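# Fold and contact review
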Amino acid sequence: MSFFKRLKDKLVGNPTEEEKVAEIIEEEAAEQKQDEATEPAQIEAIVDENEKAEEVSVTEATSETEIPVASEDQGQQEQQEEVQEVAIVEEPVKEKKPSAWSITQKFKAGLEKTRNSFTSKVNDLVARYRKVDEDFFEELEDLLLQADVGFETVMELMDKLRFEVQRKNIKDTSGIQTIISEKLVEIYEQGEEDLIELNMQPNGELTVILFVGVNGVGKTTTIGKLAHRLKSQGKTVVLAAGDTFRAGAIDQLQVWGDRVGCEVIKQSEGSDPAAVMYDAIRAAKNRNADVLICDTAGRLQNKVNLMNELEKVHRVISREVPNAPHEVLLALDATTGQNALVQAQTFKEATNVTGIVLTKLDGTAKGGIVLAIRNKLHIPVKFVGLGEKMDDLQPFDAERYVYGLFAEGLDKELQNSED
């Protein structure tokens, strides 16, 4: 699938899913004509099968239709029920496109600082160089390095661009942003799929997510936002306050637990983090929780102490829950640039990091660090922080990310490709 086709799907939602919803509505409309006296309970069953998220509203709506009406004109009542049924079924369809569009807009808004700094320079470069030559490539290389894309990633990208330009015999710079965007996505994905999916366990089994990272990167805030996200999906979430060394860390997590509505398992400051994890796992099992999210200390006396502490925590968790932790997420501050790579390397040595959560991406003009982390450490970025709101923690998406970098230029090229 071409980059433009994938990009369009991300912007407006999956056409295939929309077609399925349209077919469902057409089938229900046909059933209405055959039997206008459809019982409210049947309406509820149909809607529940197609959109579980609307279960509460459907129950309320059907309960209203079940109220006895002492009227001589039963046809009028059935007509009201028919209108109500259509309104209930159509509601999810109206939410399809805004949902996909709003997520894309979050990436566009979150990467505004990077785009204003980086993409404006790319636009100037394209305007100055009408032809694609070696001088153009050298200046583009400098711009990418300034955006913290990383030396190895930039070299790989330049090789791919030179090959593509030669293969397609491209002479001018029109459309070059599309090629850059597509190659950046290819470098990030590296032929792999479903990189952002969390390793969630089957229903009835506890999923343990361990958060690591230095102090000040937004680790506790990210835990709260992830808990909110999982709760909105119907999961029961318990939090473990394992950062017992930093003053105020336990209280901060408790604030987020109260805000999100999650129980926080904690002990006093200075207590053994591994003991907290043990208590938290027991509590999560007793409460039949779906997910346990564990906070950890981010700064100990030295690297050796950090590794030993994390290894001990990991050992206790795996002993109580086989194959756990199921995810080890490393929180990194995007505004620290190349220093984030050093942190990632340290924690990768200390524990088996399965994914990156890149916080404060909206606060940096060097958002290319996403590519550097992925390409150098071969660890997928699973979530990115695109703002301060509760729902601004979003699963990372390579196409949306690249669109956020080149929004204006890609909008024009996307429009031209459809004309």
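Residues numbered from 1 in each chain as written. Predicted model: local features only at pLDDT ≥ 70, side-chain atom pairs only at ≥ 80, totals over all residues. Heavy atoms only, no water.

### Examining the overall build of the protein
Of regular secondary structure, the protein possesses 17 helices and 8 strands. Burial analysis of the protein (419 residues in total) assigns 49% to the buried set. Relative to all contacts within the protein whose residues are 6 or more apart in sequence, the contacts with residues 24 or more apart total 76%. Surface accessibility of the protein: about 20600 Å² in total, with carbon and sulfur atoms responsible for 47%. (Helix = DSSP H or I, 4+ residues; strand = E, 2+ residues; numbered from the N terminus. Buried < 20%, exposed > 50% of the residue type's maximum accessible area, 1.4 Å probe, protein only. Contact = heavy atoms within 4.5 Å. Areas by Shrake-Rupley, 256 points an atom, 1.4 Å probe, with all protein chains shown as cover.)

### Remarks on the UniProt feature "domain: SRP54-type proteins GTP-binding" (unreviewed entry) in the protein
In this numbering, the UniProt entry assigns the feature "domain: SRP54-type proteins GTP-binding" (unreviewed entry) to residues 380-393. Secondary structure across residues 380-393 divides into 0% helix and 43% strand, with the first and last C-alpha atoms of the span separated by 16 Å. (UniProt positions renumbered as here; feature names shortened; annotations may be inferred.)

### Remarks on the environment of alanine 331
Looking at the element boundaries, alanine 331 is found in strand β5 (residues 327-333). A sequence separation of 109 residues divides alanine 331 from threonine 222, and the C-alpha atoms of the two residues are 8.0 Å apart.

### Considerations on the environment of tyrosine 129
For tyrosine 129, the position within the fold is in the loop between α6 (112-128) and α7 (134-146). C-alpha separation for the pair tyrosine 129 and serine 174, spaced 45 residues apart in sequence, amounts to 9.9 Å. Not counting chain neighbours up to four residues away, the residues in contact with tyrosine 129 comprise Asp135, Phe136, Glu139 and Thr173. Separated by 2.8 Å, the side chains of tyrosine 129 and glutamate 139 make a polar contact. (Polar contact = N/O pair within 3.5 Å; in protein donor to acceptor, adjacent residues only side chain to side chain.)

### A short note on the nonpolar core
By size, the foremost hydrophobic cluster in this structure holds 85 residues, and its most contacted members are Phe136, Leu292, Ile317, Leu358, Phe396 and Tyr401. It is helix α9 (residues 176-189) that provides the largest number of residues to this core, a total of 7 residues. The residue makeup of this core includes at least three contributed by each of domain 1 (100-193 + 408-418) and domain 2 (207-396). If we ignore the near neighbours within four places in the chain, the residues touching phenylalanine 396 are Phe107, Tyr188, Ile196, Val370, Val381, Lys382, Phe383, Val384 and Tyr401. Core analysis: the next-biggest nonpolar cluster, separate from the first, contains 23 residues, Leu198, Leu239, Ile250 and Met390 among them. (Core = buried A, V, L, I, M, F, W, Y, C linked by side-chain atoms within 4.5 Å. Domains from an automatic or database assignment.)

### Quick look at the pattern of salt bridges
For the structure on display, the rule yields 17 salt bridges. We note a salt bridge from lysine 219 to aspartate 295, for which the minimum N-O separation is 2.9 Å. Of this pair, lysine 219 sits in helix α10 (residues 219-232) while aspartate 295 sits in the loop between β4 (291-294) and α13 (303-320); the two residues are 76 residues apart in sequence, bridging distant segments of the chain. Both residues of the pair, lysine 219 and aspartate 295, count as buried. Here lysine 360 and aspartate 333 are joined by a salt bridge, their closest N and O atoms 3.3 Å apart. Residue lysine 360 is located in the loop between β6 (355-359) and α15 (369-377), and its partner aspartate 333 is located in strand β5; the two are separated by 27 residues in the primary sequence. Through salt bridges with shared partners, a single network forms among Glu164, Arg167, Lys168, Lys183 and Glu186. (Salt bridge = Lys/Arg side-chain N within 4 Å of Asp/Glu carboxyl O.)

### Quick notes on the confidence of the model for the protein
Across the protein, the average pLDDT comes to 76, with 72% of residues at or above 70. Below a pLDDT of 50 lies the segment residues 15-30, which in the model reaches 13 contacts outside its immediate sequence neighbourhood of four places, other chains included. Per-residue pLDDT stays below 50 along residues 81-98; that stretch engages in 29 contacts with residues further than four places along the chain or on separate chains. (pLDDT = per-residue confidence, 0-100.)

### A short note on the packing of helix α14 (residues 339-350) against α15
Running from N to C, α14 and α15 cross one another at 35 degrees; their axes reach a closest spacing of 10 Å. Once α14 is placed against α15, the crossing between them reads as right-handed. Facing α14, whose interface residues are Leu341, Ala344, Gln345 and Lys348, α15 presents Ile369, Ala372, Ile373, Lys376 and Leu377. Residues belonging to the contact of α14 with α15 are distributed by class as follows: 6 nonpolar, 1 polar and 2 charged. (Axes fitted to C-alpha atoms, helices over the stretch in contact; angles between N-to-C directions. Left-handed = near helix turned anticlockwise from the far one by under 90°. Nonpolar A, V, L, I, M, F, W, Y, C, P; charged D, E, K, R; others polar.)

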